[in-house]
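This is what each chain is made of:
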Amino acid sequence: MIKLSVCLASHNGEKYIRRQIESILGQLGSEDEIIVSDDSSTDATLAIVRSLEDSRIRLFANNTFYSPVFNFEHALKQATGNIIILSDQDDIWLENRVALVREKFRNPPHRWYLLVTDGRVVDEGEQVTHESIFELIGTGPGFFKNLWNNRYMGCCLAFSRELLEIALPFPRSLPMHDMWLGQLCELTGVTEFVPVPAILYRRHGASQTEFRIRLRPWLQIRRRCSLFYHLLGRYRKARMRIFKVRP
């Protein structure tokens, strides 16, 4: 049986989270789950999630990570599915998202497999501002390309449980969770980019993630060196799993 785990990290998401979760629930089977890990929300987010009253929703409240990276890590640690899909709290899934993921994972090309689907960019009122995330930010494969300027967007990712097992726990110095997952799979397995829109990516003033953030060059270099170091360490462990060699 293939079970999907949708991992959603929430924080003060009362404005859009109902719309997002409802767009997901309509596509899931009875055996699937949505993991909602909430990071110190002070608005009505928790009440909205509880009001949906769906047994497939597993809510983890009262967390104080103050970090979307480690809030997502917490959500991932609770996942029990064979396939993991990431979700932001303020996007909308198009009706083809789950069907596309299931199709691609029916015969995955590698045990460590990560799928990246395209999406349309919309504003607060759900009006399309860009037809393709891929075209807008130059999404595509390439380890060193993405190491310096990450183009793996978490809201577009789905991946195998086997990849999750080597990705956890996250390094404490990790810049972003999506960069870690994408780059780790680039080294160890297969990443596939499918230019089919499967989400509406909502950009607004309170977005938790924003792909135009730029760091100072020295800080960028330091973070990328740390990321590279940890990626090589996990790559070594992944190879040991294949050959059943004890570290």
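Provided above is the structure to which this section pertains.
Residues numbered from 1 in each chain as written. Predicted model: local features only at pLDDT ≥ 70, side-chain atom pairs only at ≥ 80, totals over all residues. Heavy atoms only, no water.

A.B. asks: What is the right way to read the overall build of the chain from this model?
C.D. replies: A count of helices and strands for the chain gives 9 helices and 9 strands. For 247 residues, the compact-globule estimate of 2.2 N^0.38 gives 18 Å, and the C-alpha radius of gyration of the chain, at 17 Å, lies within 12% of that figure. With the C-alpha coordinates of the chain rotated into their principal frame, the extents come out at 50 × 45 × 35 Å. Burial status across the chain gives 54% buried among its 247 residues. Looking at the chain alone, contacts between residues at least 24 apart form 77% of all its contacts between residues at least 6 apart. (Helix = DSSP H or I, 4+ residues; strand = E, 2+ residues; numbered from the N terminus. Rg over C-alpha atoms; globule rule 2.2 N^0.38 Å. Buried < 20%, exposed > 50% of the residue type's maximum accessible area, 1.4 Å probe, protein only. Contact = heavy atoms within 4.5 Å.)

A.B. asks: What should I look at first to understand the pairing of strand 4 (residues 83–87) in this one?
C.D. replies: Look at any regular strand and the pattern is simple: side chains alternate between the two faces of the sheet. By the criterion of burial, strand 4 is predominantly enclosed, with 5 of the 5 residues buried. Neither face of strand 4 is left uncovered, since the one carrying Ile83, Ile85 and Ser87 and the one carrying Ile84 and Leu86 both have all their residues buried. Where strand 1 (residues 4–10) meets strand 4, 5 bridges bridge the pair, whose relative direction is parallel. Note that in strand 4 the partner of Leu8 across the bridge is Ser87. (Pairing = 2+ DSSP bridges.)

A.B. asks: It is not clear to me how the pattern of salt bridges should be interpreted in this structure. Could you clarify?
C.D. replies: Should the charged atoms of two oppositely charged side chains come close, the side chains can pair. Under the definition given, this model contains 14 salt bridges. As a salt-bridge pair, Lys3 and Glu33 come within 3.8 Å of each other at their nearest N and O atoms. One end of the pair, Lys3, is in the segment before strand 1; the other, Glu33, is in strand 2 (residues 33–39), with 30 residues separating them in the sequence. In terms of burial, Lys3 and Glu33 fall into one category: buried. Across the pair Glu73 and Lys77 runs a salt bridge, and its minimum N-O distance is 3.9 Å. One end of the pair, Glu73, and the other, Lys77, are both in helix 3 (residues 68–78), 4 residues apart, so they sit about a helical turn from each other. (Salt bridge = Lys/Arg side-chain N within 4 Å of Asp/Glu carboxyl O.)

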